[in-house]
Amino acid sequence: MNKIWRVLTTGFCLTLVTACGSVGGNATPSSNATSAGGSASAGGGLNINVEAGSLAGKTICFNFQALETEFWAAGKTAISEALTRAGAKVLEFNSNEDANRQLEQIQDCVTQKADGIIFIPQDGASANTVISAANTANVPVVAFNRPPADESGKAIVVVADNRGVAKQTVEYMVTVAQKQMAATGKKLQPLIMVGDLADVNAVDRRSGYFDAMAGHDDLFQKSIEVETKWDATTAQQNLQSAMQANPKVDFVFTSSDFMYPQIQSVLSPLGKWKVSGEDGHVILGGLDGDNRACGLMKTKYVDSTGVQDLLFEAEKSISELTAAIKAGETAPSKKVLDPGFALTLANMDTKQNDMWGCVIEPPK
Amino acid sequence: MDHAATKPATRGGPPAPSGPVVSQEARQPLWRRLLYSDLFVLLLTLIVVLALLPFANGLLSPGNLLNVASNFWPLLLIVIGQTFVLIAGGIDLSQTAILAFTSVFGAMLMTTAANPALYAKSPFWGILFNENGGVLGSGAGVAVAWGVMMALGALIGLLNGFAVSRVGMPPFMVTLTTTLFITAFTVWSTKSENVLNLPPAYTALATSWIAAPIAVVVAVIAHVVLSRSVYGHWLYATGINARTAEVSGIPVRRVILMAYVLSGVFTALGAALYTARLGAGRPTLGANLLMDVIGAAVIGGVSLMGGRGRITGAALGVLFFVVLTNGLNLMGLEFYTIMWVKGLVILSAVGIDTVRSRLEARS
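Calculation criteria
Residues numbered from 1 in each chain as written. Chains lettered and ligands numbered in written order. Predicted model: local features only at pLDDT ≥ 70, side-chain atom pairs only at ≥ 80, totals over all residues. Helix = DSSP H or I, 4+ residues; strand = E, 2+ residues; numbered from the N terminus. Buried ≥ 20, exposed ≤ 12 C-beta atoms within 10 Å, placed from the backbone. Contact = placed C-beta atoms within 7 Å. Pairing = 2+ DSSP bridges. Axes fitted to C-alpha atoms, helices over the stretch in contact; angles between N-to-C directions. Expected span 1.5 Å × (residues − 1). Domains from an automatic or database assignment. Nonpolar A, V, L, I, M, F, W, Y, C, P; charged D, E, K, R; others polar. pLDDT = per-residue confidence, 0-100.

J.: Give a description of the overall build of chain B that names residues and reports values.
T.: Per the secondary structure count, chain B includes 16 helices and 2 strands. When the 363 residues of chain B are sorted by exposure, 54% land in the buried category. Taking as baseline every contact in chain B between residues at least 6 positions apart, the subset at least 24 positions apart corresponds to 80%.

J.: Break down the sheet that holds strand β6 (residues 190–194) of chain A for me, citing the residues and quoting the values.
T.: Residue and element names in this part refer to chain A. One open sheet holds the 6 strands; their spatial order is β7-β6-β8-β9-β10-β12, and the pairing between them is mixed. Strands with a single pairing partner mark the edges of an open sheet, and in this sheet they are β7 (224–227) and β12 (341–344). Across this sheet, the average inter-strand angle for adjacent strands is 15°, counted without regard to direction. When strand β10 (residues 304–307) meets β12, the two strands line up antiparallel, connected through 4 bridges. Bridge assignment links Val307 to a residue of β12, and that residue is Phe341.

J.: Please provide a residue-by-residue account of helix α4 (residues 62–87) of chain B, values included.
T.: End to end, α4 of chain B covers 35 Å across 26 residues, agreeing with the expected 38 Å (1.5 Å per residue, within 8%). Within α4 of chain B, 21 of the 26 residues are buried, which leaves it mostly tucked inside the rest of the structure.

J.: Explain the domain arrangement of chain A to me, and be specific about the residues and the numbers.
T.: Residues and elements named next belong to chain A. Under the domain assignment, chain A is made up of domain 1 (26–159 + 310–338) and domain 2 (162–307). Relative placement of domain 1 and domain 2: their C-alpha centres are 31 Å apart. The interface is formed by 9 residues belonging to domain 1 together with 10 residues belonging to domain 2. Here the side of domain 1 that touches domain 2 is composed, by residue class, of 3 nonpolar, 3 polar and 3 charged.

J.: Lay out the confidence of the model for chain A with the relevant residues and their values.
T.: Across chain A, the average pLDDT comes to 85, with 86% of residues at or above 70. When the criterion is pLDDT under 50, residues 13–43 of chain A qualifies, and its contacts beyond four places in sequence or with other chains add up to 68 contacts.

J.: Residues and numbers for the confidence of the model for chain B, please.
T.: Residue and element names in this part refer to chain B. Averaged over every residue, the pLDDT of chain B is 87; residues scoring 70 or more account for 90%. Looking across chain B, the model is least confident in helix α1 (residues 20–27), with a mean pLDDT of 52, and most confident in helix α11 (residues 230–240), with 96. Here residues 1–12 scores under 50 on pLDDT; set against residues more than four positions off or in separate chains, the count is 30 contacts. For this predicted complex, the interface confidence reaches an ipTM of 0.76, while the overall pTM sits at 0.78.

J.: Residues and numbers for the sheet that holds strand β2 (residues 89–94) of chain A, please.
T.: All names here are of chain A. Here we have 6 strands laid out as an open sheet, ordered β2-β1-β3-β4-β5-β11, and parallel in their pairing. Two strands close off the open sheet at either side, each with one partner strand: β2 and β11 (334–338). The mean angle between the axes of side-by-side strands here comes to 15°, regardless of whether they run parallel or antiparallel. Looking at chain direction, strand β1 (residues 59–64) and strand β3 (residues 116–119) are connected through 4 bridges and run parallel. Note on β3: the bridge partner recorded for Asn63 is Phe119. Most of the contacts of helix α2 (residues 70–85) go to β1, to which it runs at about 175°, and overall it touches β1, β2, β3 and β4 (141–144).

Right under this line is the structure:
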């Protein structure tokens, strides 16, 4: 009996000690960012301009999803570090792609009297729910990089012009395709890897792709659409199936750079992973502008990359929130558009350092 | 779960017979009585609150208590469903799939508008919903949609219960494979899209003052069924020893079947509240919730071995879980730290459940 009591008591105390052992919250930037590249923190080049002390005495809640891509990991690091440099007490929450958990965490932020919220929505629907909760609590809120499904709530929305950037990216790919067709006389077989269409970003990138492809029926067969749900495993499986059914695919646009490893693993065994100019090269383009994409552009496997200006978006998120807090606005409503640009093999020499993925240190 | 296992009568079930057993209870040491009592969980909850209070800013603030309440009600309904199945000696791993399935179908029926660009490829486009909304997208339609959600939950429960009770398949495998089928069907139904634009009359359910009476009434009914009805007695007897119960004339198969049906119904009710809260039917609803459900039930004294558990205990288990999660969030811990702690807590609860069972076997 005594032994049982000792075991139970020890187990319970261990549980509480584990919880209490991490007291103090995240007043300093977290170094636990996880990413596809495996780096604990993305190092140099991610410093964004922020006025030191501009958020002194303020508590800012930063809620993000699982950091499964370089873009999110770099964005999280940039924002966290900048908020700390601004003097804010930062409450960080990882909702791990769970919309209900994200809502609970935002409510907990409000309980802790956060002065402002920056969050990365799981999707458009959950963005609306979070914004509604923040509006009810009169806490200014910024939605980073993913817009809400509709504009029923009031928030500062910082988002890239995904449609325009995707269009620019694919337009360059089309010029390459025109040269190829001129040389071979054969139409190309295009394929687009589509993101999760519950995410407005994915919808816009797909739209941008088709905007650029419009009017080129003489150049291309009908586009094959591969669904990825923003998941690497799903992307690889579906791409494999698509390539099995359509081995002549020679023009691929991926809605996000994080899927390049999957694309390489599918194209390589088929003998289609070739550099630009080499016989059998698949004209390849993507969007985000991460470090991997930079490397692949330097080695000429990728022809064109649409770049979201991560640092611009992160800086605007913080500066707009700071301005709203200082002005006493509890429900600011504004849309900040990141125009982005397309980095191509033609402008690589002059514009590569404008791409955040070429500036940050590569993952170790 | 081995329905044929021989186990003595356990506490946490129907009222104990009078005479010598009552006297034995009175002679048991305090720690043992506490271990079997629902008060144990309440005491744990109070200890957690006191332990976290210095570190969790705003833990007892009115706003936070409302948040805790809004997290409590939907989880309670789902745990009640799991309680019925666990008492019967089974387990229902398909609750998360039922959550998503009923969420999405209820939303399709209730939506007030739908974008063809997102949903035109859904097999139910033009049947259950179109660009003008769902077939039940109006005031009274919300109540009907709820009924449909519960019916769908009951249907899945019926399938689970049939496979377990009639075919004799292990509950673990049945409900796990049901999860695969239902999840795939749900994703196929909306092509993975969330279903938006739910009626304001429905999303208003998310407020505590509406969700609370619904959950309380349901919990009271479930408590009465378990503790006062013939079915409740049959359920405990089946969970203690199915073979003996069958020999005694209890329709064990029907009892088990009904337990899974009830699990499906209660899960659908939980889905209704979660869906209202999130403002959308989500095919991924509850994907990470299963361990919370089972953990809360076990913490509340519902035995994984069957034959033991009360609605009051389950409710206190949910309260403990929700308060713990809330407190850890307010402490600003990393989400993986919170997962570690929750895992340890669940493991401890299972350990306590095992200890209880062994003590009962010895006595």
